[in-house]
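# Results of the structural survey
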Amino acid sequence: MVRESPAGVLENMKSLTLAIVLAIAFLASSSTAQTLNVTDFGAIPDDQFDDSAGIQATVNAAFSKGGGVVMFPEGKFILRDQINIVPAQGAGYDISLRGFKGSVIEVSVGQGKIAFYAGNLNTFAVEDLIFVGKESNAPDDFYDARNVIFSSYVVNTIIARSSFFGLATRASDGTPTGVVHIGNTDARITDSRFDGSLSDYPSGGVVTADDFRGLTVSRCTFIDYANFQGRYLSKSTAFVGSWISARNGRVFGANGQRRVLIEDSRFDEAAAIGIRLENVAWGMLRGLSFNVNATDAGRGIYVKNSGFVKIDQSWFGFSRNSRPAIDVDDLGGLEAVALDFSDGVYFLRKNGNVKVSSTFCPECKDAPPEVPVLKPSQRRIAAPRNQ
């Protein structure tokens with residue numbers, strides 16, 4: 001056995017110590033991102049004045065420090081102007097908007113503006129925040145924004161544990177809008193609520209993904225109304241286009257096929273279409289519950305010009321009229337597994353070339369004849385109910 005000299009042992013101990021110090025420094029720097037509180041930059045909760053300037057100043061300060069967390073403490077903040085979350089130079093920053101103990105942002109920036117516009121980032125995250133619309137039924141003050149969250153040219157977009165209550169979106173130029181708009185990014189939306197919110201009929205989606213690189217929606221609710229702090233919030237009494245609209249999902253050869261995954265979520269009847277997929281490579285929809293809209297526009301899921309979609313362990317009902325759970329137009333393949341239907345909702349209406357297979361689904365059979373029903377303007381609104 002060869003014994004190392006004392007000098008060699010000492011040198012190895014120095015090297016080991018240096019490695020430990022560098023590792024600790026790396027972990028500390030990677031796990032403690034800069035956190036900046038919006039109240040340190042002029043935003044004041046619960047004072048009923050516009051906090052846009054203070055919020056923008058906090059975002060700018062985060063960029064000056066190389067990225068970080070923009071923290072909203074408890075209370076309500078008022079947003080009347082667009083917040084730009086785009087670096088002045090370069091790209092590759094990580095920016096998070098984060099709430100704490102019931103942080104509320106009241107959004108009313110108008111039809112032509114986006115509340116929070118994010119671009120040229122590595123990661124953009126929205127966590128533990130509550131967004132509410134301005135309470136107004138006046139025609140010129142009903143719509144709160146073009147989009148509340150707009151994320152494009154971002155590597156990863158994350159929306160987690162956040163709520164969007166009583167928000168209405170519309171573009172002044174008439175283009176389709178959404179409360180959340182995803183474009184050229186891989187987005188993951190989890191444990192969030194989109195209740196009582198509105199997108200334009202027929203093309204808008206409360207969550208809209210257009211020219212996107214990936215979309216995951218998990219454990220979310222899309223309900224006609226929200227009960228929040230003793231208030232009933234809903235702008236869904238107007239006619240919602242769809243709860244989720246995903247179009248033109250990109251395919252990259254080097255990175256594989258991009259996907260749409262929607263799971264463990266609930267969709268109420270305010271939207272003409274629960275989920276709308278167009279020109280997507282493939283989609284997995286599982287563990288979903290749909291109250292299908294009762295009008296002649298009502299469908300649970302609509303798929304057009306797409307590759308393959310699997311719908312698994314989901315329920316479709318409520319309509320009380322003859323409405324399709326699934327409506328497909330030129331789809332490469334549809335696989336239905338363990339689906340359940342009630343209240344006049346039937347399995348499938350199809351057009352064009354569609355290959356269909358089903359298992360554990362005795363009701364997955366050809367559609368019955370259509371029965372004309374209500375127009376969108378005559379849609380029945382369900383009475384408020386406890387969730």
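Coordinates for the structure precede this section.
Presented here is an overview of the structure given in this document. (Residues numbered from 1 in each chain as written. Predicted model: local features only at pLDDT ≥ 70, side-chain atom pairs only at ≥ 80, totals over all residues. Heavy atoms only, no water.)

### Concerning the environment of Phe-100
Our working definition: The numbering of helices and of strands both runs from the N terminus, where a helix is a DSSP run of H or I of at least 4 residues and a strand a run of E of at least 2.
Turning to its location among the elements, Phe-100 is positioned in strand β5 (residues 93-107). Residues Phe-100 and Met-71, 29 residues apart in the sequence, show an inter-C-alpha distance of 7.6 Å.

### With respect to the sheet that holds strand β20 (residues 266-267)
Rules: Paired strands, as defined in this entry, are two strands with at least two bridges between them according to DSSP.
Spatially, the 5 strands line up as an open sheet ordered β13-β20-β23-β25-β27, and their pairing is parallel. Of all strands in the sheet, those with a lone pairing partner are β13 (221-222) and β27 (340-341), marking the two edges. Looking at chain direction, β13 and β20 are connected through 2 bridges and run parallel. Note on β20: the bridge partner recorded for Phe-222 is Phe-267.

### Considering the pairing of strand β11 (residues 205-210)
Applied cut-off: The classification of residues rests on relative accessible area computed with a 1.4 Å probe and restricted to protein chains. Under 20% of the type maximum is buried, over 50% is exposed, and intermediate values are partly exposed.
Of all 6 residues that make up β11, 5 are buried, and the element is covered over most of its length. Inspection of the sheet shows strand β9 (residues 180-183) paired to β11 by 3 bridges, in the parallel sense. When the bridges of β11 are listed, Val-180 appears paired with Val-207. Here 5 bridges tie β11 to strand β16 (residues 240-247), and the two strands are oriented parallel to one another. If you follow Asp-210 over to β16, its bridge partner there is Arg-247.

### A word on the pattern of salt bridges
The criterion, for reference: The salt bridge definition used is simple: a Lys or Arg side-chain nitrogen within 4 Å of an Asp or Glu carboxyl oxygen.
Under the counting rule described, the total for this entry stands at 18 salt bridges. A salt bridge links Asp-191 to Arg-219; the shortest N-O distance between them is 2.7 Å. With Asp-191 in the loop between β10 (186-190) and β11 and Arg-219 in the loop between β12 (214-218) and β13, the pair connects residues that are 28 residues apart, well separated along the chain. Residue Arg-219 is classed as partly exposed on the basis of its relative accessible area, which comes to 43%. The network of salt bridges with shared partners includes Arg-98, Glu-127, Asp-128 and Arg-161.

### Let's talk about the packing of aromatic side chains
Basically, it comes down to this: Each Phe, Tyr or Trp ring, with Trp reduced to its six-membered ring, pairs with another whose centre is within 6.5 Å; inter-plane angles below 30 degrees give stacked pairs, above 60 give edge-to-face pairs, and intermediate values give tilted ones. Distance and angle both matter: a charge sits over a ring if NZ of Lys or CZ of Arg is within 6 Å of the ring centre and within 35 degrees of the ring normal.
Counting across every chain of the model gives 16 aromatic pairs. Consider the rings of Phe-222 and Trp-243, whose centres lie 6.0 Å apart with planes at 50 degrees: the pair is tilted. Taken together, the positions of Phe-222 in strand β13 and Trp-243 in strand β16 put the pair 21 residues apart, joining distant regions of the chain. We classify Phe-222 as buried; its relative accessible area is 0%. Using a relative accessible area of 0% as the deciding quantity, one classes Trp-243 as buried. Taking NZ or CZ as reference, Lys-235 lies 5.3 Å from the ring centre of Phe-142, over its face.

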